[in-house]
Amino acid sequence: MLIKSKGLELTDVPEGNHVLDLTAMFSKQYFDQIIRCKEQFFNRGIDPCQSPLLRQEVVESWVRTMNSGKSPDNLLFEYALDESKSDLQGIWEENSLLIRAAGPLIREVLELAANEGYALGLFDKNSVFLIGTHLKLFKNAPAENMRWNEHTAGTTATSLATYYKRPYLLVGPEHYLHVLENIVGYAVPILDENGDLLGSLALTSHMDDSAWEKSIFKTHTQFIVWLNYLVTAIESQIKLQKSNHTLDTVRDDLKKTQEIMNVLMEKTNQGVVAITPDGAIITANQEGKKILHVEYEQLEDRNILEFITDRTFLRKLRDRKDRFDSWEENVKLELDDQPYRVSIWPVRKMNGLWDAAILKFLRISPPKICFDNIIAESKPMTDVINLADRFASASDNILLLGESGTGKELFAQAIHQKYCPAGPFVAINCAAMPKDLIESELFGYESGAFTGADKNGRPGKIELANGGTLFLDEIGDMPYDLQGVLLRVLQDKQVVRIGGKYPLHVNFRLIAATNQNIRQLVQEKAFRQDLYFRLSVLTIEIPALRERGTDIALLAEYFLKRHAQRRGQSVPTLSQGAYRRIMAYDWPGNVRQLENTIIYAMNLADEDRIEENHLPKDIVSALSTETDLRQIRHDDATRHSYIKESERIMIENALVKSGRNVSTAAVLLSMSKATLYRKIKEYGLSTK
């Protein structure tokens, strides 16, 4: 079952044979709709099966619980066990194998779970709480001797996992009892080798206002995947205690499972696949299955070489034998044109040799910006765009010069998109990076290279840009001693990590940018002349906004429309005075400052019209007298023609993007079809 939510970012997590959209389930809209379904069910007797949002199992559980005579207003302390102490002792003895197997593993991670706001509890097959921690639900709520099955606590993750013998996630109002409507719970059944139920492991937490934050979804996803592998470790431990197989073999299997669990717990925000040295797939998380396009297929007897185009991948892995800690490289998949950066992590046996590897896939998303996205009509800017478009086809280094805010990174991404769109685009701002970190960021480092270094080492930006583009912004701020190292990398096409012994071959295109007078820096011996000549094979000077004339009006109208669409409001207009101020200002911060000015004015304006007093003070004070205003060359007629021309261009662009489909173009422009047809006729545009 896939719960869909329009306009929400999806974060899917596995639940048995289902896939749940975690982001949608944690949306305020979803909560409100489920609460309405409950009210209609409890107060008006409306069948909840009619709601497309509710999972069938949840609906069936609500009905069973109501039919048993339980009210959703009941409190949990009504369901404490009334067995005698000897009976409770009998329950613990009956589950001694489960407690012995799970106890050490649970105790090791209780503090980790508590630090993240989770309670972790072990339950027997009758949903009786055995060991772990409880959430403090309300004052005087019992902490022990609780039975969490359907007949006592109603619909919960634990009751569903026990009833259906598969993992269940339950959030907020999906619980039957009102007292649990601010709880999120995830429970996984614990099964023996025959598939019989032994108990369950449940992870619960309170939900507050932070539940709507995007970062919370990632935390829940990580702990959900982690809980599944913790149950796998418990089941392995139970098998170990019951098995008569060779103890060393079982310990190796258990250690492998635990190692896989630990790595997946740390790396669950990306696709993860575990393989043997021969490439046989051991397991994969949900994102890993998506990447391999096997979401609903079994992975038994499948080999990683079925999915990766590089047939030498396994040979490279085997050649490292027991000598490697981890490494990274770019790969392509058979069923996906999208390139991936894959990190390989070894899982070692007790003798130190590795017999499994974790592959962590990171989708490399090439930028979609191309030269057509750069808004310009003025001759200075169109000339530069044409020049950059020609340079993009070459492989030589490019140096972008221009004031801050002129769009240097925009040009860099457009050049990359034309030159090598399938490769990675890796950007680093040399001015924003502390001097003591820029070397490790650029060149990477090996394990133990310095205090605080990642124990597995880390690739640098140059290494990550292999096969694509490396964009070094504010290159004029690069420390002088590192300039020589960069020059050597450009000459040799090799990079050596800090603390490393062996060079790595790299092949990338370098685009550098600066807002400084780099020629003067060379004269002042603040920038290496040989590096400057290496960088400036192809030089592009981007004009300042004040030199672009009509582009100011064009960009202003574009930003007004763009941010109005994001806010879901009508596009405001510029008053005559506001327009004149914008056209007269010299924009030292260039396009970035112009966009910020539009955002500021839109937040300040009460109506759909921006006046002079809505503009920032520095722009208004730039012209202080009526005499100054009368000297502005752009009168009302000129302003009107600028606005009309920018509207014509926007409509033409929408028609091109939609393949001349008027209905689609109207959606892109947030305009009715009737209005669009009228404007197409007004501007003499073609729909064919």
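Reading guide: rules and limits
- Residues numbered from 1 in each chain as written.
- Predicted model: local features only at pLDDT ≥ 70, side-chain atom pairs only at ≥ 80, totals over all residues.
- Heavy atoms only, no water.
- Helix = DSSP H or I, 4+ residues; strand = E, 2+ residues; numbered from the N terminus.
- Buried < 20%, exposed > 50% of the residue type's maximum accessible area, 1.4 Å probe, protein only.
- Contact = heavy atoms within 4.5 Å.
- Areas by Shrake-Rupley, 256 points an atom, 1.4 Å probe, with all protein chains shown as cover.
- Axes fitted to C-alpha atoms, helices over the stretch in contact; angles between N-to-C directions.
- Parallel < 35°, antiparallel > 145°, perpendicular 65-115°, else oblique.
- Left-handed = near helix turned anticlockwise from the far one by under 90°.
- Nonpolar A, V, L, I, M, F, W, Y, C, P; charged D, E, K, R; others polar.
- Pairing = 2+ DSSP bridges.
- Expected span 1.5 Å × (residues − 1).
- Core = buried A, V, L, I, M, F, W, Y, C linked by side-chain atoms within 4.5 Å.
- Salt bridge = Lys/Arg side-chain N within 4 Å of Asp/Glu carboxyl O.
- Phe/Tyr/Trp six-rings, centres within 6.5 Å; stacked < 30°, edge-to-face > 60°.
- Lys NZ or Arg CZ within 6 Å of the ring centre and 35° of its normal.

*Asks:* Hey, could you run me through the overall build of the protein chain in this one?
*Replies:* A count of helical and extended segments in the protein chain gives 26 helices and 21 strands. Counting every position in the protein chain, which comprises 688 residues, the buried fraction comes to 49%. In the protein chain, of all internal contacts separated by at least 6 residues, the share reaching a separation of at least 24 is 64%. Looking at the protein chain as shown, the accessible area adds up to about 33300 Å², and 47% of this sits on carbon and sulfur atoms.

*Asks:* Before we go on, may I ask you to explain the packing of helix 12 (residues 379-392) against helix 13 (residues 408-419) in this structure?
*Replies:* Running from amino to carboxyl end, helix 12 crosses helix 13 at an angle of 40 degrees, the nearest separation of the two axes being 9 Å. Taken together, the axis directions place helix 12 and helix 13 in an arrangement best described as oblique. For the pair helix 12 and helix 13, the sense of crossing is right-handed. Where helix 12 approaches helix 13, its residues Met381, Val384, Ile385, Ala388, Asp389 and Ala392 are matched on the opposing element by Phe411, Ile415, Lys418 and Tyr419. Of the residues that constitute the contact of helix 12 with helix 13, the class distribution is eight nonpolar, no polar and two charged.

*Asks:* I tried to follow the pairing of strand 8 (residues 271-275) on my own but got confused; where do I start?
*Replies:* Along a regular strand, successive side chains alternate from one face of the sheet to the other. Counting buried residues in strand 8 gives five out of five residues, a clear majority hidden from the surface. Inspection of the sheet shows strand 8 paired to strand 12 (residues 354-363) by five bridges, in the antiparallel sense. Counterpart to Ile275 in the pairing with strand 12 is Ala357. Here strand 8 hands over to strand 9 (residues 281-284) after five residues, with Gly279 in that stretch at a positive phi of 95 degrees.

*Asks:* Looking at this model, I keep getting lost on helix 3 (residues 56-67). Mind explaining?
*Replies:* Given 3.6 residues per helical turn, the α-helix brings residues three or four places apart onto the same face. Over its twelve residues, helix 3 runs 17 Å from end to end, which matches the ideal 16 Å to within 8%, given 1.5 Å per residue. Following helix 3 by one or two positions, Gly69 has its phi on the positive side, about 95 degrees.

*Asks:* Would you explain the nonpolar core in this entry?
*Replies:* The tendency in soluble globular proteins is for nonpolar side chains to be buried side by side. Core analysis: the largest hydrophobic core is formed by 61 residues, its most contacted members being Leu120, Leu122, Ile190, Leu201, Leu203, Leu227 and Leu230. In terms of residue count, helix 8 (residues 214-242) provides more of this core than any other element does, nine residues in total. Excluding residues within four positions of it along the chain, Ile190 makes contact with Leu98, Leu122, Asp196, Leu197, Leu198, Gly199, Ser200, Leu201, Val231, Ile234, Glu235 and Ile238. The next biggest cluster of nonpolar side chains, apart from the first, holds 31 residues, and it includes Ala465, Leu487, Ala512 and Leu531.

*Asks:* Would you take a moment to explain the sheet that holds strand 6 (residues 183-191) for this structure?
*Replies:* Adjacent strands of a sheet form backbone hydrogen bonds with each other and so pair up, either parallel or antiparallel. Ordered in space as 4-3-7-6-5, the five strands form an open sheet in which the pairing is antiparallel. Because the sheet does not close on itself, it has two edges, and the strands there are strand 4 (129-132) and strand 5 (168-171). Here the strands of the sheet are splayed against their neighbours by 25 degrees on average, with no regard to which way each runs. Strand direction decides the pairing type here: strand 3 (residues 118-124) and strand 7 (residues 197-206), joined by seven bridges, are antiparallel. Residue pairing for strand 7: Phe123 is matched across the bridge by Ser200. Its contacts with the sheet put helix 5 (residues 96-115) on strand 3, strand 4, strand 6 and strand 7, and the angle it makes with strand 3 is roughly 170 degrees. The sheet strands contacting helix 7 (residues 157-164) are strand 3, strand 5, strand 6 and strand 7, and the helix crosses strand 6 at an angle near 25 degrees.

*Asks:* What should I look at first to understand the sheet that holds strand 13 (residues 398-401) in this one?
*Replies:* Across the sheet, which stays open at both edges, the five strands sit in the order 14-15-18-13-19 with parallel pairing between neighbours. With partners counted over all chains shown, the strands left at the sheet margins are strand 14 (425-429) and strand 19 (538-541), one partner each. In this sheet, neighbouring strand axes are inclined to one another by 15 degrees on average, regardless of whether the strands run parallel or antiparallel. Strand direction decides the pairing type here: strand 13 and strand 19, joined by four bridges, are parallel.

*Asks:* Is there a simple way to explain the pattern of salt bridges in this structure?
*Replies:* Side-chain pairs of opposite charge can arise whenever the charged atoms involved come near each other. Counting across every chain of the model gives 17 salt bridges. Linking Arg166 and Glu57 is a salt bridge whose minimum nitrogen-to-oxygen distance equals 2.4 Å. Placement of the pair is Arg166 in the loop between helix 7 and strand 5 and Glu57 in helix 3, with a sequence separation of 109 residues. There is no split in this pair, since Arg166 and Glu57 are both buried. Between Arg546 and Glu403 there is a salt bridge, and its shortest N-O distance comes to 2.4 Å. On the criterion of sequence distance, the pair formed by Arg546 in the loop between strand 19 and helix 19 (551-567) and Glu403 in the loop between strand 13 and helix 13 is long-range, its members being 143 residues apart. Relative accessible area serves as the criterion here: at 39%, Arg546 is assigned to the partly exposed category. Residue Glu403 is classed as partly exposed on the basis of its relative accessible area, which comes to 28%.

*Asks:* I would appreciate a short explanation of the environment of Lys360 in the present structure.
*Replies:* Its place among the elements puts Lys360 in strand 12. Assessed through its relative accessible area of 11%, Lys360 is described here as buried. Separated by 87 residues in the primary sequence, Lys360 and Val273 have C-alpha atoms spaced 6.6 Å apart.

*Asks:* Quick question: what am I supposed to make of unusual backbone geometry here?
*Replies:* Excluding glycine, residues mostly carry a negative phi; peptide bonds, for their part, are mostly trans. Even without glycine at this site, Glu474 takes up a positive phi of about 55 degrees. Of note, Glu474 is situated in the loop between strand 15 (469-473) and helix 16 (480-492). On the basis of relative accessible area, Glu474 is assigned to the buried category, the value being 11%. Even without a glycine there, the phi angle at Asn590 is positive, about 60 degrees. Here Asn590 lies in helix 21 (residues 590-604).

*Asks:* Even after reading the chapter, I still don't get the packing of aromatic side chains, so can you show me in this structure?
*Replies:* The description of an aromatic ring pair rests on the distance of the ring centres and on the angle between the ring planes. For the structure on display, the rule yields twelve aromatic pairs. Residues Tyr163 and Tyr164 carry aromatic rings whose centres are separated by 4.9 Å and whose planes lie at 65 degrees to one another, so their mutual orientation is edge-to-face. The structure contains a cluster of three or more aromatic residues connected by ring pairs, namely Phe41, Phe42, Trp62 and Tyr176. It is Arg64 that lies over the ring of Tyr163; its NZ or CZ is 4.0 Å from the centre. A cation over an aromatic ring shows up here: Lys493 above the ring of Phe508, its NZ or CZ 5.2 Å from the ring centre.

*Asks:* Whenever I open this one, the environment of Ser71 confuses me. Can you help?
*Replies:* Relative to the helices and strands, Ser71 is located in the loop between helix 3 and helix 4 (85-94). A relative accessible area of 28% means that Ser71 is categorised as partly exposed. When the C-alpha positions of Ser71 and Tyr176 are compared, they lie 8.7 Å apart, and in sequence the two are 105 residues distant.

*Asks:* How should the packing of helix 14 (residues 435-443) against helix 16 be read in this particular structure?
*Replies:* Helix packing for two helices is described by the angle between their axes and how far apart those axes are. For the pair helix 14 and helix 16, interaxial distance at closest approach is 11 Å and the crossing angle is 10 degrees. Taken together, the axes of helix 14 and helix 16 lie roughly parallel to each other. Along the contact surface, helix 14 presents Ile438, Glu439 and Phe443, while helix 16 presents Leu482, Val485, Leu486 and Val489.

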